[in-house]
Each structure stands twice: as structure tokens, then as C-alpha cells.
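Spelled out from the first residue to the last, the chains are:
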Amino acid sequence: MEEKIKEALENIRPFLQRDGGDIEFVELTPENIVKVRLQGHCAGCPGATMTLKAVVEKLLKESYPEIAGVENVQ
């Protein structure tokens, strides 16, 4: 499952990079929470939480419904 999530994040990455940001996969918890680290402009952006939920989480859940959520870690 982790490899599939990493592949999906590769598809999301160009969207974030257009605005000077990036995303790094950290872990998939036993509760199916995907932990990521936002980088670049995304790390300090006030809209990062919205991007995480409205874009990253939405796209991952569409492909993998068993994912319970996505969280940003420092």
C-alpha cells in the first residue's frame, strides 16, 4: 500500500511544485492515516491545511478508500 501511496503523491507533486512547494511521504499508520511533510512554500503557507485536505486527501481517498485521512507532520 505504501508504494501505491508514494506513486499517487508523485502525481500530486507537480501541482504543489508549481507554487514552490513539495510533499514527502513519511508513513502509513496502522489506522490508515497517511503522514506527509509539506515542504518549500507549502510548509509555511496559510492555505496548506486546505491544500492537504481538499487536494491531497481527496485524491488519495478517491484512489484508495481505505485511507482514513492525511496529516502533515513537522
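The coordinates are above.
Keep in mind it's a predicted model, so treat the numbers as computed, not measured.

## What to know about the packing of helix H1 (residues 2–17) against helix H3 (residues 48–63)
In contact at an axis separation of 10 Å, H1 and H3 are set at 140° when each is read in the N-to-C sense. Put simply, H1 runs oblique to H3. The crossing of H1 and H3 is right-handed. Along the contact surface, H1 presents Ile5, Ala8, Leu9, Ile12, Phe15 and Leu16, while H3 presents Thr51, Val55, Val56, Leu59 and Leu60. Among the residues forming the contact of H1 with H3, the class breakdown is 10 nonpolar, 1 polar and no charged.

## Some details on the sheet that holds strand E3 (residues 69–72)
The 3 strands lie next to each other as E1-E2-E3, forming an open sheet whose pairing is mixed. Whereas interior strands pair on both sides, the edge strands pair on one side only; in this sheet they are strand E1 (21–28) and E3. Strand after strand, the sheet turns through a mean of 35° between neighbouring axes, direction not considered. Looking at chain direction, strand E2 (residues 33–40) and E3 are connected through 4 bridges and run parallel.

## Structural notes on H1
Helix length check: H1 (16 residues) gives 22 Å between terminal C-alpha atoms against 22 Å at 1.5 Å per residue, within 8%. Maximal helix bending in H1 amounts to about 35°, located at asparagine 11; proline proline 14 follows within four positions. Buried within H1 we find Ile5, Ala8, Leu9, Ile12, Arg13 and Leu16. Residues of H1 that are buried in the fold lie against E1, E2, helix H2 (41–44) and H3.

## Observations concerning the pattern of salt bridges
Within this structure, the stated rule accounts for 7 salt bridges. The salt bridge involving lysine 53 is made with glutamate 57; its shortest N-O contact spans 3.1 Å. Linking lysine 53 with glutamate 57, this pair stays in helix H3, spanning 4 residues, or about one helical turn. The class for lysine 53 is partly exposed, based on a relative accessible area of 39%. Here lysine 58 and glutamate 62 are joined by a salt bridge, their closest N and O atoms 3.3 Å apart. With a gap of 4 residues between them, lysine 58 and glutamate 62 both fall in helix H3, about one helical turn apart. Here the salt bridges share partners, and the residues they tie into one network are Glu10, Arg13 and Asp22.

Thresholds applied
Residues numbered from 1 in each chain as written. Predicted model: local features only at pLDDT ≥ 70, side-chain atom pairs only at ≥ 80, totals over all residues. Heavy atoms only, no water. Axes fitted to C-alpha atoms, helices over the stretch in contact; angles between N-to-C directions. Helix = DSSP H or I, 4+ residues; strand = E, 2+ residues; numbered from the N terminus. Parallel < 35°, antiparallel > 145°, perpendicular 65-115°, else oblique. Left-handed = near helix turned anticlockwise from the far one by under 90°. Contact = heavy atoms within 4.5 Å. Nonpolar A, V, L, I, M, F, W, Y, C, P; charged D, E, K, R; others polar. Pairing = 2+ DSSP bridges. Expected span 1.5 Å × (residues − 1). Bend = angle between axes of the 7 residues up to and from the residue. Buried < 20%, exposed > 50% of the residue type's maximum accessible area, 1.4 Å probe, protein only. Salt bridge = Lys/Arg side-chain N within 4 Å of Asp/Glu carboxyl O.

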